Every structure is written in structure tokens, then in C-alpha cells.
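Listed below are the residues making up each chain.
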Amino acid sequence: MASDDGVLSGAKLEQLMDCLEADLDEGDSAEEIDLLARLRAHPLHADSMESIDRLHTLWMIADDPAAARAVIDIDGAALLQAALPKAQAETRMLLAFQRLNIAEYLDEDAAVCDELSKMRAIVTENPGLDVSMYSLLPIFKRLEDGSPDVARETAALLHALELADMHKD
């Protein structure tokens, strides 16, 4: 919905993202559909994890990593605050994973290491967290082949994921 201050969220944001993604799926480039201008036309607020994922991806396609990070940081913080205590660890993990994807794409080794470390802490501090999907993600194979620091942090996270998966209830 569009709020009184013109912010698009909820169903209105979903409609906009559906339209933008459809245009991209038709083979048009981000420049051809003026993706950046269309994203900047209204303030946007993603209010679900799926919306955060979709919106930050569109910002990355539009070549605006700062806006993509803002979606994760600002909208993600609001989502995290509204999450039930039981869902907070999973939400934190998903947000860290999205930040990790951006950092990897931008070849920011320090940011990659930081997000890997945060993810490891989340896994370690939340023994009931379902981590089964993470160790199978292809990003970790790519990161294992990265710089020594990135490879070391990746191995530490994968080890924590393996331990958590072995000790789940």
C-alpha cells in the first residue's frame, strides 16, 4: 500500500516489483526499462523477508549497492524488531546472508569476512536454528576458493553449520 507520505509497501510494492521483474524477464536491460529511475520514483519499504530479498536484488541489478544495503539494513531492522523472539535468529541469519551476497558480488573481502563471522556467531548462539539449507549453498564453494582470510572464515562457518546440524533437536 502507499502510505500518506508516499512510501510504497505491501501489495503496492509487490506490484511494482512484479512489473519491474517482468520487464527484466522480457530481456530488457536495466537501462532500457530505466530501472534505477523507476526504483527511485517513490520511497519504498519492504515489509517481509521475501520483499527485502526481491527489492535488494532489484537495486543490485540497477547498480545501486548502497540502496540494496539500505533495504537490508533499514527494512531488515524493522522486520527483525517485529519478529517473534523464536524467529529472530533466522531473520538475522537471512539478513546476514543477503549482505554476504552483496559483499561477494562487490569483491569486498573484509565485508565478506565480517558477514561470515556474524553468521557463525548466529549459528553458535542459537542451537535450535535450522541451518540445513545453508551449507549446501553454492556461494560457500566460491568463497572457499577466495582469499586466505575469506577461505578461513568460510571454513569456520561451514564447520559451525555442520556442528549445529549434527546437534539439532
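Right above here is the structure, for reference.
Here's a quick rundown of the structure. Note that the structure is a prediction, hence the values are computed from the model and not measured.

Basis of the calculations
Residues numbered from 1 in each chain as written. Predicted model: local features only at pLDDT ≥ 70, side-chain atom pairs only at ≥ 80, totals over all residues. Heavy atoms only, no water. Helix = DSSP H or I, 4+ residues; strand = E, 2+ residues; numbered from the N terminus. Contact = heavy atoms within 4.5 Å. Axes fitted to C-alpha atoms, helices over the stretch in contact; angles between N-to-C directions. Parallel < 35°, antiparallel > 145°, perpendicular 65-115°, else oblique. Left-handed = near helix turned anticlockwise from the far one by under 90°. Nonpolar A, V, L, I, M, F, W, Y, C, P; charged D, E, K, R; others polar. Phe/Tyr/Trp six-rings, centres within 6.5 Å; stacked < 30°, edge-to-face > 60°. Buried < 20%, exposed > 50% of the residue type's maximum accessible area, 1.4 Å probe, protein only.

What to know about the side chain of E115
Consideration 1: With respect to the helices and strands, E115 occurs in helix α6 (residues 109-125).
Consideration 2: With sequence-adjacent residues up to four places away left out, E115 is seen in contact with A96, R99 and L100.

Some words on the packing of α6 against helix α8 (residues 148-166)
Consideration 1: Taken N-terminus to C-terminus, the directions of α6 and α8 make an angle of 15°; their axes are 9 Å apart at the nearest point. Judged on the interaxial angle alone, α8 and α6 are roughly parallel. For α6 against α8, the interelement crossing comes out left-handed. Two secondary-structure elements touch here, α6 through D109, V112, C113, L116, S117, M119, R120, V123 and T124 and α8 through D149, V150, E153, T154, A156, L157, A160, L161 and A164.
Consideration 2: Broken down by class, the residue content of the contact of α6 with α8 amounts to eleven nonpolar, three polar and four charged.

Digging into unusual backbone geometry
Consideration 1: Its identity as a non-glycine residue notwithstanding, D34 has a phi of 55°, on the positive side.
Consideration 2: Tracing the backbone through its elements, the reader meets D34 in the loop between α1 (10-25) and α2 (35-40).
Consideration 3: Not every positive phi belongs to a glycine, and D63 is a case in point at roughly 65°.
Consideration 4: Examined against the element boundaries, D63 turns out to sit in the loop between α3 (49-61) and α4 (65-82).

Looking at the packing of aromatic side chains
Consideration 1: By the definition in use, this model includes two aromatic pairs.
Consideration 2: Considering the side-chain rings of F97 and Y134, the 6.1 Å spacing of their centres and the 70° angle between planes classify their relative orientation as edge-to-face. Of this pair, F97 sits in helix α5 (residues 85-105) while Y134 sits in the loop between α6 and α7 (138-144), placing them 37 residues apart in sequence. Pair check on accessibility: F97 and Y134 agree, each one buried.
Consideration 3: Clustering of aromatic rings is evident, with ring pairs tying together F97, Y134 and F140.

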